[in-house]
Amino acid sequence: MGTLHIQNIRLAFGDRDLLDDVGFSLSESSRAALAGGNGTGKSTLLKIVAGQQQSDSGTISMTKGMRVAYLPQSDIVLGHRTVMEEMELAYSRFFPMLARQSELETKLEGVTENDGHQSMLLELHEIQQHLIDSGYYQRNAVMEQILKGLGFVQDDFVRNCAEFSGGWQMRIALAKVLAEEPDIMLLDEPTNYLDIEARVWLKNYLKLYCGGVMIVSHDQYFLDETVDEVYELFNGKLTRYAGNYTSYLRQRESELQALEEAYKRQQAEMERTERFIERFRYKATKSKQVQSRIKQLEKLEPVVVPSHLKKLSFSFPPAPHSGNDVLIVEHLSKSYGEHHIFDDLSFVVRKGERLAVTGRNGAGKSTLLRMLAGIDRNFTGTIREGAGLKTGYFAQDTEHTLDQTNDVMGEVESVAATVDIPRLRNLLGSFLFSDDDVFKKVSVLSGGERSRLALLKILLHPANLLILDEPTNHLDINAKDMLLEALRQYDGTMVFVSHDSYFIERIATRILYLSSDGPEFFEGDYQYFSWKLEQKEQVASLAGNNKRRSDGSAPGETESGDIQNAAEARKEANRRRNRRKSLQQQADSLLEEAEDIERQIAETEALMGMAENYSVSEKITALAKRKQELQQLHEAKSEQWFEITGEIEEMNANEQHDT
Ligand SMILES: Nc1ncnc2c1ncn2[C@@H]1O[C@H](COP(=O)(O)OP(=O)(O)OP(=O)(O)O)[C@@H](O)[C@H]1O
Ligand SMILES: [Mg+2]
């Protein structure tokens, strides 16, 4: 069994030690998470391990012949190959062998039975056997299974990669890494671009995967299912915690408590010392003590509290006045080539509304937001803006809204009004860009730092319409909570996309559901939407039942005789089979959702414990509320599961009765 050893890695930027003597090992059976707040160096460490970035010192070694594959957090840009052609590159390790094979074949054609003939035949045979044993000829089925699991449809396979959005290109890159079947996979935030179905699929795929994995993710529920050890990067040091993610949080809780206390003690001590120095600085009798205190202060190793526990808060500026109709969409149609996304869509976004756009991967959520924001004007129909509209847009791929060549300060200065410039430093500080951070180039920022910067830029212009495409991606839990709170306070209109059902639930007042039958509006919040969806399912299932009863009640009575009866019966059996299959799928996914919610409840309880330790009362109240909401949601899901499994049982019983 192979092992990948990482030892004594050091990396400093200026006077900041990002990685300070970091080491760990991964084997083919490793299931590891790499945790830590935004900007702690997770992506940097993975890049170093993958050989894509240099460290200042340290060694990386692995057992000979081992294969390691790496998926970066963002910035994948694919060229003009089709999806399938791109996927073929996952098999590039076979290319030399394939080249040798065809070379041998050509040579063998030309020679008669002379000296080299036998050995060439033998080599060819060995190559062919190896290709068979390593599953090379099954690759089409494998690629198809992976692509479909990640949300692609058959028609996508021949589409050009460059046609896909940044998020989808990331998904192609992820599919490639999976198809490579490496001994060790390094995945940097693979869940960011996946909707719930694709996430569940990936989770199950990784659970059954034979190689080792190291995953960075801010999605605790995903990690809980996929890892059994957690490495945490904090303040340059890497610490290992055995167990899943929840257990890591629990262990961390007590440590953080101690850390927080030490921090408070140190702060008090420093203040006291400073007061002492200040007070006695000019008293000759005390000067010796003063000198030693100053030295003492200088020597002090400061206690550092993780940034994702620092409290940060901000609010959106009050929304300027706008008309009652904010956006008027009429007869909107949009397609990418042959691919129709919207067909004659009309609706009005009204003032104060918080419209969540949901739907499966590829339904056109980001496309719609880009059109509403005026970024994409390549459509038919009209989108009219209401009076006095001021839009703030957060793109799914922040690289489109940030200038990589700017530094952080320059980036915000470029959009700030002159009167705001003096307070930019403060504002940046409240978004956790302090001191030298403000002179960092945008191109070196971490995923979470970029998201925060993009949000901050929106904040600089008072807007009455916020169009936000997956704003919580890349954010650590603290930043996510902060954004949620700020958006709840915001008094303007909002159109947003999110995969985070908790987030949608807390914010949305209306839902646009892009289903396979076309777009559909639900007037009301997310709970109402889920309830309505469920009702629709029930009506559909009742219709299915009625059909079954009326068809099945009098076999043989139709005039067209036995042949038709037999055909009908076959059709009916098919229908029942499909119905049962779909019910079973629904039941399975409900169970999965309920389990997810259970984990979220456990998670919330853990956080409550943590918040109690820090006596952050408003946080405790918010968490208690969240817990209660989760419990209600859990009740609803388990109720639905109960009903659906009841129906399956009934179908089974009827069938037994029939036969
Ligand atoms: N060349 C550089 N010069 C200065 N700072 C840098 C450079 N490259 C990265 N950094 C900083 O190093 C820190 C770590 O970045 P990294 O992308 O590894 O963070 P991360 O832990 O992956 O965060 P996230 O959760 O937001 O993805 C960030 O603060 C980033 O701004
Ligand atoms: Mg990162």
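Residues numbered from 1 in each chain as written. Chains lettered and ligands numbered in written order. Predicted model: local features only at pLDDT ≥ 70, side-chain atom pairs only at ≥ 80, totals over all residues. Heavy atoms only, no water.

**Student:** Any chance you could explain the coordination of the magnesium ion (ligand 2) here in plain terms?
**Tutor:** Within the protein, the magnesium ion (ligand 2) binds to S43 (OG) and Q73 (OE1); these donor distances fall in the range 2.0 to 2.1 Å. One end of the pair, S43, is in helix α1 (residues 42–49); the other, Q73, is in the loop between β5 (68–71) and α2 (83–88), and 30 residues separate them in sequence. As far as burial versus exposure is concerned, S43 and Q73 are alike and both buried. (Donors = N, O, S within 2.8 Å, 3.2 Å for Na, K, Ca; no water. Helix = DSSP H or I, 4+ residues; strand = E, 2+ residues; numbered from the N terminus. Buried < 20%, exposed > 50% of the residue type's maximum accessible area, 1.4 Å probe, protein only.)

**Student:** Would you explain helix α5 (residues 139–149) in this entry?
**Tutor:** For an α-helix, the turn length of 3.6 residues means that residues three or four places apart are oriented alike. Of the residues making up α5, those classed as buried are R139, M143, I146, L147 and G149. Viewed along the axis of α5, the buried residues span an arc of 165 degrees, placing them on a single side of the element. Check the buried side of α5 and you find it contacts α2, α6 (166–180) and α7 (196–208). Within two residues after α5, G151 carries a phi angle of roughly 105 degrees, on the positive side. (Arc of directions from axis to C-beta. Contact = heavy atoms within 4.5 Å.)

**Student:** Looking at this structure, I do not really get the sheet that holds strand β14 (residues 391–394). What am I missing?
**Tutor:** What holds strands together in a sheet is hydrogen bonding between their backbones, with the strands either parallel or antiparallel. Ordered in space as β14-β15-β16-β12-β17-β18, the six strands form an open sheet in which the pairing is mixed. Across the chains shown, the open sheet's two edge strands, defined by having one partner strand only, are β14 and β18 (518–523). If you compare each strand with its neighbour and ignore which way they point, the axes differ by 15 degrees on average. Taken together, the five bridges between strand β15 (residues 465–469) and strand β16 (residues 493–497) define a ladder with parallel strand orientation. Paired with I467 across the two strands is V495, which belongs to β16. (Pairing = 2+ DSSP bridges. Axes fitted to C-alpha atoms, helices over the stretch in contact; angles between N-to-C directions.)

**Student:** Explanation requested: the site of ligand 1 in the structure shown.
**Tutor:** As a structural note, the neighbourhood of ligand 1 is formed by 21 residues, with S43, T44, S446, G448 and E449 the closest of them. At a separation of 2.7 Å, an oxygen atom of ligand 1 approaches a polar side-chain atom of K42. Starting from 650 Å² of accessible surface for ligand 1 in isolation, the protein chains cover 88%. Only β2 (16–27), α1 and α14 (447–459) provide two or more residues apiece to the shell around ligand 1. Taken together, the residues of the shell around ligand 1 sort by class into four nonpolar, 12 polar and five charged. Per-domain counts for the shell around ligand 1 show at least three residues from each of domain 1 (3–248) and domain 2 (325–524). (Near = heavy atom within 4 Å. Polar contact = N/O pair within 3.5 Å; in protein donor to acceptor, adjacent residues only side chain to side chain. Areas by Shrake-Rupley, 256 points an atom, 1.4 Å probe, with all protein chains shown as cover. Nonpolar A, V, L, I, M, F, W, Y, C, P; charged D, E, K, R; others polar. Domains from an automatic or database assignment.)

**Student:** Even after reading the chapter, I still don't get the nonpolar core, so can you show me in this structure?
**Tutor:** With 63 residues, the main nonpolar core has L150, L178 and L206 as its most contacted residues. With nine residues, α6 is the largest single contributor of residues to this core. Mapped onto the domain boundaries, this core takes at least three residues apiece from domain 1 (3–248) and domain 3 (529–658). Counting 46 residues, the second largest nonpolar core, distinct from the first, contains A416, F433, V438 and L484. (Core = buried A, V, L, I, M, F, W, Y, C linked by side-chain atoms within 4.5 Å.)

**Student:** Would you mind going over the confidence of the model for the chain with me for this structure?
**Tutor:** When pLDDT is averaged across the chain, the result is 84; 90% of the residues are at 70 or more. Mean pLDDT per element in the chain: helix α17 (residues 526–553) is the minimum at 56, and strand β6 (residues 184–188) is the maximum at 97. For residues 544–560, every residue scores under 50 in pLDDT, and the model assigns this stretch 11 contacts once sequence neighbours within four places are set aside. (pLDDT = per-residue confidence, 0-100.)

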